[in-house]
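# Coordinate inspection notes
Residue strings, one per chain:
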Amino acid sequence: MWPGYEPLYLARHIGVLDSKRVQLVEYTSASQVMKAFRNELLDAAAITLDEAISLLESGEDVRIVLVTDVSSGGDVLLARPEIQTMHALEGRRIGVEHTALGAYFVSRMIELHQLDKRNIELVPLEVAAHERAYHNDEVDAVVTFDPVRSKLLAEGAVELFSSREIPGEIVDVIVVRASLMQSYQATLEHLKDAWYNGLDALQSRPQESAEVISRRMKLSVEDTLKAYEGLKLPNREQNYKMLYGKPGPDLLITSERLSDVMYELHLTAYKIDTTRLFSQQPTAE
């Protein structure tokens, strides 16, 4: 569950997403989504940009059809109250999901704050186990996001690092199999229209929309609204510029830089050509 994807569920709630045309399937972790996509249980997936690059590396031919959000503080490293500085993390256990995003986030954190990675113990931890592991003293810090973020902060956890320090690097997108782009063009148009309607509802009726989303995320309405302060949600015009802009898509530049960093951090075996993620023409606008 991630607030950046909730406009889709909001669209379904207000009746603008036809469940007979687009079925929303939820998994408890990003790794499960990736596995399901690779096993062809899904035709499209809401994932991070680095995960889309990982799909390319594994041989999946995918295209980005929508940018859902850019994290600007939504992804965080939270530590126990006694851990007040980044360097105090050395010798500690950090829980993090075993995904490309988790590895990327931690690597950038270590790089920017010049930590000794040999003195940090990474504990592979599915998202569903973040809160439990923190409460049971299985980890000293955790890389997480809402709704866990808000809950742990309310209990006194300390935010030491967030995606705000790596602007534009954590981007969530919806990808679809390239082989389905033409045959499902009308369905993709419906999906995008539903998304923008959900986004419009969230922005024009924030209180009412947050009440719906808060029930799914198991947060207060106030905390739900605060969760969106750490996200940038591109509108239709901004999406078009990011995916189809001239002389080149804005997101292509971001993806190329991200591909370079992933290769340098040994998250990919070779530098991935990210131009394959972009279509020459939008499915519909």
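So, a few notes on the structure that sits alongside this text. Quantities reported herein were computed from a predicted structural model and do not represent experimental measurements.

## Description of the packing of helix α3 (residues 49-57) against helix α11 (residues 250-264)
Interaxial distance between α3 and α11 falls to 10 Å at its minimum, and their mutual angle equals 70°. The angle between α3 and α11 places the two elements in the roughly perpendicular class. Considering how the two elements wind past one another, α3 and α11 form a crossing that is right-handed. Of α11, the residues touching α3 (which contributes Leu49, Asp50, Ile53 and Ser54) are Leu251, Thr254, Ser255, Leu258, Ser259 and Met262. In terms of residue class, the contact of α3 with α11 is made up of five nonpolar, four polar and one charged.

## Points about the packing of aromatic side chains
To describe a pair of aromatic rings, you give the distance between the ring centres and the angle between the ring planes. Across all of its chains, the model carries three aromatic pairs by this definition. On the numbers, 5.2 Å between centres and 90° between planes, the contact of tryptophan 2 with phenylalanine 145 is edge-to-face. Here tryptophan 2 is found in the segment before α1 (6-13), whereas its partner phenylalanine 145 is found in the loop between β6 (141-144) and α6 (148-154), with 143 residues between them in sequence. Across this residue pair, the class does not change: tryptophan 2 and phenylalanine 145 are buried. On the basis of an interplanar angle of 75° and a centroid distance of 5.2 Å, the ring pair of phenylalanine 105 and phenylalanine 161 is categorised as edge-to-face. Of the two residues, phenylalanine 105 is situated in helix α4 (residues 100-112) and phenylalanine 161 in strand β7 (residues 158-162); the sequence distance between them amounts to 56 residues.

## Considering the pattern of salt bridges
As a working rule, side chains carrying opposite charge can pair if their charged atoms are close by. The full count for this structure, using the stated rule, is 19 salt bridges. The closest approach of N and O atoms between glutamate 60 and arginine 177, which form a salt bridge, is 3.1 Å. You can see glutamate 60 sitting in the loop between α3 and β2 (62-71) and its partner arginine 177 sitting in strand β8 (residues 171-177), a full 117 residues away along the chain. For the pair shown, glutamate 60 and arginine 177 are each scored as buried. Note that aspartate 137 and arginine 80 form a salt bridge whose closest N and O atoms lie 3.4 Å from each other. Of this pair, aspartate 137 sits in the loop between α5 (130-135) and β6 while arginine 80 sits in the loop between β3 (76-79) and β4 (93-96), and the two are 57 residues apart along the sequence. Linked through salt bridges whose partners overlap, the residues forming this network are Arg80, Arg93, Asp137 and Asp140.

Rules behind the numbers
- Residues numbered from 1 in each chain as written.
- Predicted model: local features only at pLDDT ≥ 70, side-chain atom pairs only at ≥ 80, totals over all residues.
- Heavy atoms only, no water.
- Axes fitted to C-alpha atoms, helices over the stretch in contact; angles between N-to-C directions.
- Helix = DSSP H or I, 4+ residues; strand = E, 2+ residues; numbered from the N terminus.
- Parallel < 35°, antiparallel > 145°, perpendicular 65-115°, else oblique.
- Left-handed = near helix turned anticlockwise from the far one by under 90°.
- Contact = heavy atoms within 4.5 Å.
- Nonpolar A, V, L, I, M, F, W, Y, C, P; charged D, E, K, R; others polar.
- Phe/Tyr/Trp six-rings, centres within 6.5 Å; stacked < 30°, edge-to-face > 60°.
- Buried < 20%, exposed > 50% of the residue type's maximum accessible area, 1.4 Å probe, protein only.
- Salt bridge = Lys/Arg side-chain N within 4 Å of Asp/Glu carboxyl O.

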